[in-house]
Amino acid sequence: MGEFLILSFFGLFSASIIIAGAYVFFAKNILYALYALMAVLVSISGIYILAGADFIAVSHLMIYVGGILILLLFGIMMGGTKKVRNDILRIENVNALWSVIVAFVVFSALLWLIKGSVFAGDFQPELNQNTVKLIGLNLMTRNLLILESLGILLLLALIGSTYLASKHD
Amino acid sequence: MIDIQFYLILAAALFSIGLAIAVTKKNLIMVLVGIELMLNAANINFVAFSQGQDSIDAQVFSLAIMIVAAAEVTIALAIILKLNEKYGTVNPDKIDELRY
């Protein structure tokens, strides 16, 4: 029963990701495309929960849905105020058929590769594992360089974007 | 339980969709959305391979990818807003002069 439930939730989230992603591709309205992107991101968070990565799921929800998506929405809200040309709200497709074909070829190649390979070890989630403690300990001891360099990167992004967006001549 | 190959196939599909979006759309914000989807596909692979392992390095890496994506989006949106202010368009085909 539990296994069936997990499998059906995985199917639900996967279908939601694929369908909403296809909608992002085919949407004519940029606002609707961003709403579909929200469905994709929430479903990816569900996939992380099924994989037993609870901290990653929560921080994905916070960073992507709460941060990046809101930032993109603010971008089209602040950019779309110009009266003359509302190009920021317009979605134009170029070579849509060719890119769909190329994407399908890439997907088929990856599928062939995945189907043909054998993975060593069993990758099953440990559902009663506290990943928050593990990640915190890891970031503070073994992977301290990653934490520090990410902090510097975020500081650079903060200063750079503030400088770029400010009005100066 | 869920086989690892299902995660990989899902990530491959998401990557292909992101690739198609990033190539096709002539709107810089939608190009950003496509890049985000491709980064998320990489993240799904990292998390899928971190299941049942002794070390937690894969999840730390996926956290790092998320933070890089956030930094990238802030910088790119600042540039896009400036381009929109300067040229009145965000179509990368119409922005074809490098003069400031």
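Scroll up a little and you will see the structure.
Residues numbered from 1 in each chain as written. Chains lettered and ligands numbered in written order. Predicted model: local features only at pLDDT ≥ 70, side-chain atom pairs only at ≥ 80, totals over all residues. Heavy atoms only, no water.

Description of the overall build of chain B
Counting its regular elements, chain B contains three helices and zero strands. When the helices and strands of chain B are listed from N to C terminus, the series reads α-α-α. Over its C-alpha atoms chain B spans a radius of gyration of 17 Å, topping by over 25% the 13 Å that the globule rule assigns to 100 residues. Its C-alpha atoms give chain B principal-axis dimensions of about 55 × 25 × 15 Å. A buried classification covers 63% of the 100 residues belonging to chain B. Once local pairs closer than 6 in sequence are excluded, the contacts in chain B between residues at least 24 apart make up 55%. A total of about 3700 Å² of accessible surface is found on chain B, and carbon and sulfur atoms cover 65% of it. (Helix = DSSP H or I, 4+ residues; strand = E, 2+ residues; numbered from the N terminus. Rg over C-alpha atoms; globule rule 2.2 N^0.38 Å. Buried < 20%, exposed > 50% of the residue type's maximum accessible area, 1.4 Å probe, protein only. Contact = heavy atoms within 4.5 Å. Areas by Shrake-Rupley, 256 points an atom, 1.4 Å probe, with all protein chains shown as cover.)

Remarks on the nonpolar core
Counting residues in each nonpolar core, the largest one holds 71 residues, and the members touching the most others are Leu37(A), Tyr48(A), Ile56(A), Leu72(A), Tyr7(B) and Leu14(B). If you list the elements that add at least two residues to this core, you get α1 (2-26), α2 (30-50), α3 (54-79), α4 (96-116) and α5 (131-140) of chain A together with α1 (4-24), α2 (28-49) and α3 (57-87) of chain B. When residues of this core are assigned to their parent elements, the largest contribution, 12 residues, is made by α1(B). Among residues more than four places away in sequence, those in contact with Tyr48(A) are Ala53(A), Ile56(A), Ala57(A), His60(A), Asn40(B), Asn43(B), Ile44(B), Val47(B) and Met66(B). (Core = buried A, V, L, I, M, F, W, Y, C linked by side-chain atoms within 4.5 Å.)

Digging into the side chain of Gln59(B)
Tracing the backbone shows Gln59(B) in helix α3. Contacts of Gln59(B), omitting those with residues within four sequence positions, involve Ala53(A), Ile56(A), Thr131(A), Ile135(A) and Ser50(B).

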